[in-house]
Amino acid sequence: MFEKIYFKLWGVLMSKKYGIFIVILVILLAGFAVTLLNRLYSFDYLYNSIIKRDFSINPRIEVNPEKKYEVRIWHYPFYRTVKDSDEKFFFELLKKELNDIYPNINLFIGEINFATGSEKLQDAIKNGNPPDIYFNLTDGNLIDENLQIAVSPYISDLEREGFYTVNWDKISHRDKLWGWPFMVYKQFWIANKGLEIGKYQSMDFKRKLSYLEKNSLLLNYYDETLLKQLLTVVGLDRFKLEKNKLDLDSYRALEEVFYLLYRLRQQETIYNSGDKMIDVFLKEFFGEESVMIGPINPYLFNFINNKSNNNYSLLQLDNLIKTYKLNIFRQKKYKGDDHTRAVMEVSRIISEKLSSVIAEDLDMAVAYIPAMERETSNTQELLEISPEYKKYWNEVVIPVWFDFWEKDLTPGEAVARLE
């Protein structure tokens with residue numbers, strides 16, 4: 001009797017033992033399968049293509065060495081604004097670097113001008129045939145949600161450490177990086193001769209403004225960068241809506257900007273000649289009076305630098321920077337995931353290896369520095385407006401912004417129109 005009970009218990013234990021073993025084995029095999037699958041396909045790709053059934057690109061695909069690729073690049077004449085030469089030298093360097101790694105990738109370079117370039121790009125997007133790579137020297141980085149391709153899935157964890165201006169904590173399945181960081185430009189305003197600002201440089205930006213002389217501040221409010229600068233300085237890192245209305249942080253930031261400018265207006269710090277600011281902006285800077293102007297982009301600064309014989313001072317906007325990016329597009333007639341990979345590899349070379357060539361000539365910094373070669377930096381990226389909020393920004397915020405300047409609205413009147 002006892003022996004029967006013993007063997008029965010032993011059988012139960014053995015069956016449980018093997019049951020546990022089988023469960024562990026299944027878990028291990030599943031983990032191995034998931035790891036193997038993720039090497040071939042990203043989870044985003046599997047989710048979007050299989051579950052959501054949306055258009056999706058697999059970033060795990062590699063360039064096919066047996067296949068020829070044609071990559072189209074559009075660029076502005078970024079050199080001719082600063083020196084008596086063109087961009088041929090840079091693109092020859094790129095072709096040489098590319099040929100050493102991917103001899104099967106051919107480049108087709110197209111130039112667009114600053115006056116019509118953005119419009120030409122939009123027309124190309126509407127026609128379903130934008131360039132593969134767009135040297136974006138404008139304000140916005142997410143241009144088109146349908147044909148533009150996010151670059152964050154193509155950047156490794158090690159590379160991320162080198163792109164020091166990107167807040168990677170904010171880059172997720174939803175909030176992606178929409179361009180290869182390329183060059184970095186510190187944000188500043190510029191004062192001409194006679195306006196002594198050196199003794200105020202250690203103060204925070206808002207406090208510096210209170211020390212400016214009467215009628216000395218000329219702000220080109222037609223450049224939306226100015227509003228984005230001020231919103232960032234007062235602490236807004238993301239402009240957004242909730243239920244089609246401004247969220248509390250965005251509302252309070254706009255309110256603070258209007259009150260800041262209103263105080264400067266009441267103190268007569270802001271220049272007022274009765275003319276539109278855009279008509280007197282540079283005229284007054286090169287005149288006899290001591291003034292400060294802003295915002296300043298790289299090309300405007302180069303113009304001032306050449307014409308004023310270094311007779312100026314810079315007022316830094318705290319640690320604020322603007323990162324210029326390379327935007328990547330696909331065409332309506334899609335050329336394949338391997339073609340997209342080839343485009344990304346060209347962009348990687350430009351961003352990580354050759355950006356220093358242009359940055360030095362344009363008085364900018366590079367956007368990629370390996371962590372071991374970089375000093376600790378504390379920078380803040382200029383505010384960007386996401387596509388889902390651009391309509392509100394353009395149709396509500398900007399008209400109020402213009403009327404605040406041109407119709408002398410009070411802060412109360414301005415924010416009342418934002419509600």
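For the structure, see preceding data.
Residues numbered from 1 in each chain as written. Predicted model: local features only at pLDDT ≥ 70, side-chain atom pairs only at ≥ 80, totals over all residues. Heavy atoms only, no water.

Visitor: Which parts of the structure should I look at to understand the overall build of the protein?
Guide: Across its full length, the protein holds 13 helices and 12 strands. When each of the 419 residues of the protein is scored for burial, the buried share is 47%. By sequence separation, contacts in the protein at least 24 residues apart represent 77% of the contacts at least 6 residues apart. Accessible surface for the protein amounts to roughly 22900 Å². Of this, 52% is attributable to carbon and sulfur atoms. (Helix = DSSP H or I, 4+ residues; strand = E, 2+ residues; numbered from the N terminus. Buried < 20%, exposed > 50% of the residue type's maximum accessible area, 1.4 Å probe, protein only. Contact = heavy atoms within 4.5 Å. Areas by Shrake-Rupley, 256 points an atom, 1.4 Å probe, with all protein chains shown as cover.)

Visitor: Could you clarify how one ought to interpret the pairing of strand S10 (residues 313-329) in this entry?
Guide: If a strand is regular, its side chains alternate between the two faces of the sheet. The buried count for S10 comes to 12 of 17 residues, which makes it a mostly enclosed element. Looking at chain direction, strand S3 (residues 133-136) and S10 are connected through four bridges and run antiparallel. Opposite Phe135, over in S10, you have Leu326 as the bridge partner. For strand S4 (residues 148-149) and S10, the ladder comprises two bridges, and the chain directions are antiparallel. Residue pairing in the sheet places Gln148 in a bridge with Phe329 of S10. Pairing between strand S5 (residues 180-191) and S10: 10 bridges, direction antiparallel. Residue pairing in the sheet places Tyr185 in a bridge with Lys322 of S10. (Pairing = 2+ DSSP bridges.)

Visitor: Before we go on, may I ask you to explain the layout of surface pockets in this structure?
Guide: The volume enclosed by the second largest pocket comes to roughly 500 Å³. Considering the residues around the second largest pocket, the lining is formed by 19 residues, among which Thr138, Asp139, Gly140, Lys228 and Lys390 are closest to the centre. Where the lining of the second largest pocket is concerned, the elements lending two or more residues are helix H4 (117-126) and helix H12 (387-406). Looking at the lining of the second largest pocket element by element, the count peaks at three residues for H12. In terms of residue class, the lining of the second largest pocket is made up of eight nonpolar, five polar and six charged. (1 Å grid on protein atoms, 1.4 Å probe; cavity = no way out; pocket = protein on both sides within 12 Å on 5 of 7 lines; lining within 4 Å. Points joined across faces, edges and corners; volume = space filled by probe spheres on them. Nonpolar A, V, L, I, M, F, W, Y, C, P; charged D, E, K, R; others polar.)

Visitor: For this particular structure, what's the right way to read the side chain of Gln187?
Guide: By secondary structure assignment, the location of Gln187 is in strand S5. Here the side chain of Gln187 touches Tyr185 through a polar contact of 3.2 Å, landing on its backbone oxygen. (Polar contact = N/O pair within 3.5 Å; in protein donor to acceptor, adjacent residues only side chain to side chain.)

Visitor: Mind showing me how you'd approach the packing of aromatic side chains here?
Guide: How two aromatic rings sit relative to each other is given by the distance of their centres and the angle of their planes. Under the defined criterion, the tally for this structure stands at 25 aromatic pairs. Ring centres 6.1 Å apart and planes at 90° place the aromatic pair Phe404 and Trp405 in the edge-to-face group. Comparing Phe404 with Trp405 shows no difference in burial state: the two are buried. Following the ring pairs from residue to residue traces out a cluster consisting of Tyr221, Tyr222, Phe258, Trp401, Phe402, Phe404 and Trp405. Here the guanidinium or amino end of Arg265 rests over the ring plane of Phe404, the centre of that ring lying 4.3 Å away. Directly above the aromatic system of Tyr324 lies the positively charged group of Lys322, at a separation of 5.6 Å from the ring centroid. (Phe/Tyr/Trp six-rings, centres within 6.5 Å; stacked < 30°, edge-to-face > 60°. Lys NZ or Arg CZ within 6 Å of the ring centre and 35° of its normal.)

Visitor: What should I look at first to understand the packing of helix H7 (residues 225-233) against helix H8 (residues 248-266) in this one?
Guide: Axis angle and axis distance: for two packed helices, these are the angle between their axes and the distance between the axes, and together they describe the pair. The geometry of H7 relative to H8 is characterised by a closest axis approach of 9 Å and an angle of 105° between their N-to-C directions. Here H8 runs roughly perpendicular to H7, going by the angle between their axes. Residues Leu227, Leu230 and Leu231 of H7 form the contact with H8, whose participating residues are Ala253, Leu254, Val257, Leu260 and Leu261. By residue class, the composition of the contact of H7 with H8 is eight nonpolar, no polar and no charged. (Axes fitted to C-alpha atoms, helices over the stretch in contact; angles between N-to-C directions. Parallel < 35°, antiparallel > 145°, perpendicular 65-115°, else oblique.)

Visitor: It is not clear to me how the pattern of salt bridges should be interpreted in this structure. Could you clarify?
Guide: Where charged atoms from two side chains of opposite charge come close, those side chains can pair. In total, this model carries 12 salt bridges according to the counting rule given. When the shortest N-O distance is used, the salt bridge between Glu395 and Lys391 registers 3.0 Å. Remark: Lys391 and Glu395 occur in helix H12; sequence separation between them is four residues, near one turn of the helix. Lys391 matches Glu395 in its accessibility class, with the two residues each being exposed. With a closest N to O distance of 2.9 Å, Arg417 and Asp403 form a salt bridge. With Arg417 in the segment after helix H13 (411-416) and Asp403 in helix H12, the pair connects residues that are 14 residues apart, well separated along the chain. Judged by relative accessible area, which is 39%, Arg417 ranks as partly exposed. Taken together, the shared-partner salt bridges connect Glu62, Glu159, Arg341, Glu345 and Arg348 into one network. (Salt bridge = Lys/Arg side-chain N within 4 Å of Asp/Glu carboxyl O.)

Visitor: I tried to follow the pairing of strand S1 (residues 69-75) on my own but got confused; where do I start?
Guide: Most of S1 is tucked away: five of the seven residues are buried. Note that S1 and strand S2 (residues 105-111) share seven bridges and pair parallel. Within S2, the residue paired with Val71 across the bridge is Leu107. In this sheet, S3 lies alongside S1 in parallel orientation, the contact comprising two bridges. Pairing of Ile73 across the sheet is with Ile133, part of S3.

Visitor: So what exactly am I meant to see when it comes to helix H10 (residues 298-307) here?
Guide: Residues that lie three or four places apart on an α-helix share one face, since the helix turns once every 3.6 residues. When H10 is considered as a whole, its buried residues turn out to be Pro298, Tyr299, Leu300, Phe301, Asn302 and Ile304. The positive-phi residue at the C-terminal boundary of H10 is Asn309, with phi of around 55°.

Visitor: When you look at unusual backbone geometry in this model, what are you seeing that I'm missing?
Guide: What is expected of a backbone is that most residues other than glycine have negative phi and most peptide bonds are trans. Following Gly294, the chain continues to Pro295 via a peptide bond in cis, the omega torsion being -5°. With respect to the secondary-structure elements, Pro295 resides in the loop between strand S9 (292-294) and H10. Located in the positive-phi region is Asp363, a residue other than glycine, with phi close to 55°. Following the sequence through the fold, Asp363 ends up in the loop between helix H11 (337-361) and strand S11 (365-366). For Asp363, a relative accessible area of 49% translates into the label partly exposed.

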